[in-house]
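Examination of the molecular architecture
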Amino acid sequence: MSSQPPTFLVLGAGVIGLTSALSLRDQYPSSPITILATHFPGDRSINYTSPWAGANWCSFAHDNGPLESYDRTTFHKFSEIVDKYPEAGIRRMPIWAVFEARLEETGILTEETGKVWYEELAGLRDLTEEEVASCGGLEEGVEGFGWAYEKAFTVNTQVYLNWLQNRALSKGINTVRRTYPSIKAALLDFPSTTLLVNATGLGSLTLEDVKDTTMYPTRGQTVLVSEPKVPIPRMYIRSPGRLDPTTTYVFPRPFGGGVILGGSRQEGDWSAEPDMQLAKEIMERCCKLCPALGRPEDLQIVSHNVGLRPSRKEGTRVEREKKSEWGGVSVVHCYGHSGAGYQSSWGSAERVVELVGKALEAGVK
Ligand code: FAD
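The structure reproduced in this document is the subject of the present report. Everything numeric here is computed off the predicted structure, so don't read it as measured data. (Residues numbered from 1 in each chain as written. Predicted model: local features only at pLDDT ≥ 70, side-chain atom pairs only at ≥ 80, totals over all residues. Heavy atoms only, no water.)

1. A short note on the side chain of E68
On the secondary structure map, E68 appears in helix α2 (residues 66-84). Accessibility expressed as a relative area gives 10% for E68, which makes it buried. Those residues within four positions of E68 in sequence are excluded, and the remaining contacts are A61, D63 and W117. (Helix = DSSP H or I, 4+ residues; strand = E, 2+ residues; numbered from the N terminus. Buried < 20%, exposed > 50% of the residue type's maximum accessible area, 1.4 Å probe, protein only. Contact = heavy atoms within 4.5 Å.)

Here it is in C-alpha cells:
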C-alpha cells in the first residue's frame, strides 16, 4: 500500500453522502475527501430527497441484523450530537403511536423481531386508555393499542443538513457541484482517487455503470404548518401497521421548523406535484390525531411538500464493488435507505468506513 493517505470521492450530498464523508474524515484525518453532487443543502428538487423528510428517529428495523444495528448506532450518535451540538437541529422528543390493529397484524416489533432491544433503547411503554383516547381513540370494533417511545428524536432537516455540510467544510472536505452520468466519468475527472462512495440515492437507478433497476421511488407527501401557540410536546403517529400507506404523523420540528403533517407512501409514483385532495385528508387525519393542532381550516400552511424515498427491493445496499471500467478503484455503495435515511445514517456510514478499511487492507491502489 502507498504511504500517501488514501484519497476519497463521495458522490452525493444528501444525508447519506454528508454523513459518510464526515465518518471517513474521523477515520482518515489527513485524507483528501471531495463530495461531488448535483444538489447540496439549501437546494429544493424532487431529485433530492433529504430536505423533504419528516424527520424523526423511530426505528422500524425488524431484521435482528444490519438495519437494527444502523438504527442503534445512529440513536447513540444523535444523543451525542444533541448533547454536544444543540445548534445541529436535532432534539429529543417522545412519540405517542396508536396502532389500529393487533400487534401480530402490524408487522412492527415483536419479541422475535427486536422489541427487546427497542424497549431498552427507546424506553417503550404501553399507552394508557386515556392516552390513546387523547389521540383520537380507536374506532368502535377496532382492536388496537398504543405505545409511547419515551426516547426518540425529531430533526429539522434544513438546519441539520446545513450543519452537516458546514461541519464537512470546517474539516477540510471539499465540495464540487457537478452532475455525472456515471461513476467512471467522476473517476476520470479525479484520477488520483483511491476509493469512491456512491451515495446517490435514487440516482443509482440512472448512473450508467450502476443502473440498479431494483430501485424505485416511494412518494411521500406532507404539509408544513406553523407551530400552534401552545407548543406540541411530542410526536404522534397513527398507523394500521408497519409501512402502511395511510400512516398519519405529526412531527414538531425544533428551531422554528414548524410542524410536519404526514403522510403517504405511494410506491413507484414519480409525481412531484402535490395532490391537494391528499393534503386535505392529511390535515384532517392529523388534527384528529393531535387535537392541539386545532381545526384543519385554522392551520397556517407554510408549504405542501413532496419527496421520493429512495426504495430498493432488497433493502438498503451498503456493499463494496469493483468493476474493470473503474480502473481498479473500489466503490462502496451506500444507497436505498427508503424511509429510514436519517435514522440509519450514522450506522450505515460506520459500515461504509469498515468496508473502506477492508478495501485498503486488501491493497486497493
Ligand atoms: P438524497 O437526499 O436524494 O441525495 C442524493 C444525492 O446524490 C444528492 O446530492 C444528488 O444531487 C446526488 N446525485 C444523484 N445522482 C447524481 C449524479 N448522477 N451526479 C451527481 N450527483 C448525483 N427518514 C428518516 O430516517 N426518518 C423520517 O422520519 C423520514 N421521513 C421521511 C418523510 C418523507 C416524506 C420522505 C420523502 C422521506 C423521509 N425519510 C425519513 C427518508 C429520508 O429522507 C431518505 O432516506 C434520505 O433522505 C435519503 O438520503 P440520500 O442521501 O440517500 O438521498
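On we go from here.
2. Focus on the state of the cysteines
Applying the stated criterion across every chain, the model contains zero disulfides. C58 takes part in no disulfide bond, and the closest cysteine sulfur, belonging to C135, lies 14 Å away. With no disulfide of its own, C290 lies 7.9 Å from the sulfur of C287, the closest cysteine sulfur. Residue C290 is classed as buried on the basis of its relative accessible area of 0%. (Disulfide = S-S within 2.5 Å.)

3. Quick notes on the nonpolar core
L24, F78, Y149, Y160 and V356 are the most contacted members of the largest nonpolar core, which has 66 residues in total. With seven residues, helix α9 (residues 345-361) is the largest single contributor of residues to this core. When sequence neighbours within four positions are dropped, the list of residues in contact with Y160 reads V15, F78, I81, A88, I90, V155, Y342 and W346. Counting 23 residues, the second-largest nonpolar core is a separate cluster that includes V98, A148, V250 and C286. (Core = buried A, V, L, I, M, F, W, Y, C linked by side-chain atoms within 4.5 Å.)

4. Looking at α2
Compared with the 27 Å implied by 1.5 Å per residue over 19 residues, the 27 Å span of α2 between its first and last C-alpha is a close match. Looking at α2, one finds that the buried residues are E68, Y70, D71, T74, F75, F78, S79, I81 and V82. (Expected span 1.5 Å × (residues − 1).)

5. Let's talk about the site of the ligand
Surrounding the ligand, one finds 39 residues, the nearest of these being S50, Y180, S338, Y342 and Q343. Interatomic distance of 2.9 Å between a backbone N/O atom of T49 and an oxygen atom of the ligand. Separating a nitrogen atom of the ligand from a backbone N or O atom of G339 is a distance of 3.0 Å. For the ligand, whose accessible area on its own is 1,000 Å², the fraction buried by protein is 95%. Of all the secondary structure elements, the ones that give two or more residues to the shell around the ligand are α1 (15-27), β11 (215-225), β13 (248-252) and β16 (301-312). With three residues, β16 is the largest single contributor of residues to the shell around the ligand. A breakdown of the residues in the shell around the ligand according to their chemical character gives 17 nonpolar, 20 polar and two charged. (Near = heavy atom within 4 Å. Polar contact = N/O pair within 3.5 Å; in protein donor to acceptor, adjacent residues only side chain to side chain. Areas by Shrake-Rupley, 256 points an atom, 1.4 Å probe, with all protein chains shown as cover. Nonpolar A, V, L, I, M, F, W, Y, C, P; charged D, E, K, R; others polar.)

6. With respect to the sheet that holds strand β3 (residues 56-57)
One open sheet accounts for three strands, arranged β3-β8-β4; its pairing is antiparallel. Of all the strands in the sheet, the pair left with one neighbour each is β3 and β4 (90-92). Relative to strand β8 (residues 153-155), β3 runs antiparallel, the two sharing two bridges. Its bridge partner being in β8, N56 is matched across the sheet by T154. (Pairing = 2+ DSSP bridges.)

7. A few points about helix α6 (residues 157-170)
An ideal rise of 1.5 Å per residue puts 20 Å on 14 residues; α6 measures up with 20 Å between its terminal C-alpha atoms. Along its buried surface, α6 packs onto α1, α2, β4, β8, β9 (174-177) and α9. Once α6 finishes, G172 follows within two positions and takes phi at roughly 75 degrees, a positive value.

8. Focus on the sheet that holds strand β18 (residues 330-335)
Ordered by their spatial adjacency, six strands build an open sheet running β9-β2-β1-β10-β18-β17, and the pairing between neighbours is mixed. Among the strands making up the open sheet, the edge pair consists of β9 and β17 (317-321). Geometrically, the sheet is characterised by an average inter-axis angle of 20 degrees between neighbouring strands, direction not taken into account. In the sheet, strand β2 (residues 33-37) pairs with β9 via four bridges, with the strands oriented parallel. (Axes fitted to C-alpha atoms, helices over the stretch in contact; angles between N-to-C directions.)

9. Things to note about the packing of α1 against α6
Taken N-terminus to C-terminus, the directions of α1 and α6 make an angle of 35 degrees; their axes are 10 Å apart at the nearest point. Note on packing geometry: the crossing formed by α1 with α6 is left-handed. Across from V15, L18, T19 and L22 in α1, the residues of α6 making contact are Y160, L161, L164, Q165, R167 and A168. Each residue belonging to the contact of α1 with α6 can be placed in one class, and the counts come to seven nonpolar, two polar and one charged. (Left-handed = near helix turned anticlockwise from the far one by under 90°.)

Any link to function would need more than the numbers given here.
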